[in-house]
Amino acid sequence: MSPTPSSESHAPARTRPGRSPLHRMPAGIKLLVLAAAGTGLAFTTSLWVLGGALALTGAGYAIARQPVRRLFGVIRPMIWLLVPIFLVQGFMESWILAVAIVTRIITLVALAQLVTLTTPSDTMIAVITRALTPFRVFGVHPGKVALAISLALRFLPVIGGLAQEVRDAQRARGLGHNPLALALPLLIRTLRMAGDVTDAIEARSGGDDDEDAAPARTPVPVTPRAGSAAASSPAPAPRSS
Amino acid sequence: MKHTVVRTKDIVLIALFAALMAALALFPPITIPALGVPITAQSMGVMLSGAILGAKRGGLSILLFLLLVAIGLPLLSGGRGGLGVFFGPTAGFMFGWVLGAVLIGYLHERAWATIEPFKSFLYCFLGGIVVVYAIGIPWASVNTGVSLVKVAVGSLAFIPGDMLKAGLTALAVVAIRKAFPAMHQPAA
């Protein structure tokens, strides 16, 4: 199960491959460290602790050989929030607190992003599916979650392409700025696609009444840029194996 | 829903609407000049998923979308993604999306046969604005140390845009009900 090739608009997973100790560390441990840091740092405003955590995170980027600029994509959209937060805290409370709070946010965001950068998304999916196993008693079926994830990855470029098509078509009609003229055709085509894809999956996995049946892992027969063709008639299912 | 088991059709719909959430990030944000706040289409996806898929499937589709963001796909508006976004000041709004979609879905399921634009707008307002802000504002306050009241006042600028999205969703939902009247019945 790997992220399917995506359209121009959706870059694939942002994981940067590498062989560093951080890349090789089990994903579950990385997520536990992240959870511990997130909980622990929430209770401190000590500049020593927060500064130390930021320095350790920076060391992590060095060990994983990740240029810090890869972090800017996440931090930049937050600037318009971080600057007012810094100023409000500085003027209302104290400048030390302002530095501490902004440092905490940047440290946690940077650490979380480091986990993302060093963990391939299929590894992350495997960890999530494994972590869900105990929830079986509550009716959570890890295989179905895995199916949902792989289907969604498959649909991303399809729906993205569909949205683009609808936009182009409505622009040609002079409706490019009418949000309803954009949303409705997109919704209707998406809902129509649901029936065709379901039939295709059930045709190959023999229905879904058996709770323990292995989910269909084969690619769903949806043409990459599904237009009206895919919406009205199911594409022929490619035979796997 | 009568069936508690999530069926194949449900999984497909959940995955499709998670992808739809991602596609909405591609629509360029509209900026209302008087407010200067960019309005992104993405949070409209929350209202649409809840209203069209119902409580369970709608909530799960948003959860699935957040899962895709968490594993590193840059699907949030502005091309953001990765675990980092869940530790920022606005993460509470994203967690609020899940519960918001569940409430919108629950209300729409109950009233599906007689849904009309104003009712749908009201439901989207309750789930997509009241619930989302009720989780997002305290989170931002704790995350940033800024008082609840100040965060709430700062968030007011986004309300007009969200009301507009609730209105658009309501109109879309009524049209969808005409095209797919059986939407809220369990997949046969």
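Residues numbered from 1 in each chain as written. Chains lettered and ligands numbered in written order. Predicted model: local features only at pLDDT ≥ 70, side-chain atom pairs only at ≥ 80, totals over all residues. Heavy atoms only, no water.

> Sorry if this is basic, but what is going on with the overall build of chain B here?
From N to C terminus, chain B includes seven helices and two strands. Across chain B, helices and strands are ordered from the amino to the carboxyl terminus as α-β-β-α-α-α-α-α-α. Among the 188 residues that make up chain B, the fraction classed as buried is 60%. Taking the intrachain contacts of chain B between residues at least 6 apart in sequence as the baseline, contacts between residues at least 24 apart amount to 69%. Of the roughly 6900 Å² of accessible surface on chain B, a fraction of 73% belongs to carbon and sulfur atoms. (Helix = DSSP H or I, 4+ residues; strand = E, 2+ residues; numbered from the N terminus. Buried < 20%, exposed > 50% of the residue type's maximum accessible area, 1.4 Å probe, protein only. Contact = heavy atoms within 4.5 Å. Areas by Shrake-Rupley, 256 points an atom, 1.4 Å probe, with all protein chains shown as cover.)

> What's the story with the interface of chain B and chain A in this structure? I'm lost.
Quoted interface sizes are often the accessible area lost when the parts come together. On the side of chain A, 66 residues touch chain B, which itself brings 55 residues to the contact. Overall, the association of chain B and chain A removes approximately 5100 Å² of surface from exposure, summing both partners, and the carbon and sulfur fraction of that is 81%. If you sort the residues of chain B by the area they bury against chain A, Leu16(B), Ile71(B) and Phe87(B) come out on top, with a joint share of 13%. Joining chain B to chain A, the criterion identifies five residue pairs in polar contact (both at pLDDT 80 or more). Contributing elements (two or more residues each) for the side of chain B that touches chain A: α1 (8-24), α2 (42-53), α3 (55-70), α5 (117-144) and α7 (159-179) of chain B. (Buried area = accessible area lost by both parts, 1.4 Å probe. Polar contact = N/O pair within 3.5 Å; in protein donor to acceptor, adjacent residues only side chain to side chain.)

> Would you explain the packing of aromatic side chains in this entry?
A ring pair, where both rings are aromatic, is described by two values, the distance of the centres and the angle of the planes. Applying the stated criterion to the full structure yields six aromatic pairs over all chains. Among the aromatic residues, those joined into a ring-pair cluster are Phe86(A), Phe91(A) and Trp95(A). (Phe/Tyr/Trp six-rings, centres within 6.5 Å; stacked < 30°, edge-to-face > 60°.)

> Could you clarify how one ought to interpret the nonpolar core in this entry?
Formed by 113 residues in total, the largest nonpolar core has its most connected members in Phe155(A), Phe17(B), Ile52(B), Phe65(B) and Trp97(B). The element best represented in this core is α1(B), accounting for 14 residues. Both domain 1 (21-119) and domain 2 (140-232) of chain A contribute no fewer than three residues apiece to this core. Here Phe17(B) is in contact with Leu187(A), Thr190(A), Leu191(A), Leu48(B), Ser49(B), Ile52(B), Leu53(B) and Ser61(B), once residues within four sequence places are set aside. (Core = buried A, V, L, I, M, F, W, Y, C linked by side-chain atoms within 4.5 Å. Domains from an automatic or database assignment.)

> Help me understand the UniProt feature "transmembrane region" (unreviewed entry) in chain A, please; the structure alone is not making it clear to me.
The UniProt feature table records "transmembrane region" (unreviewed entry) at residues 31-64, 70-88 and 95-115 of chain A. Between the C-alpha atoms that bound residues 95-115 of chain A there is a distance of 30 Å. The span itself is 100% helix and 0% strand. (UniProt positions renumbered as here; feature names shortened; annotations may be inferred.)

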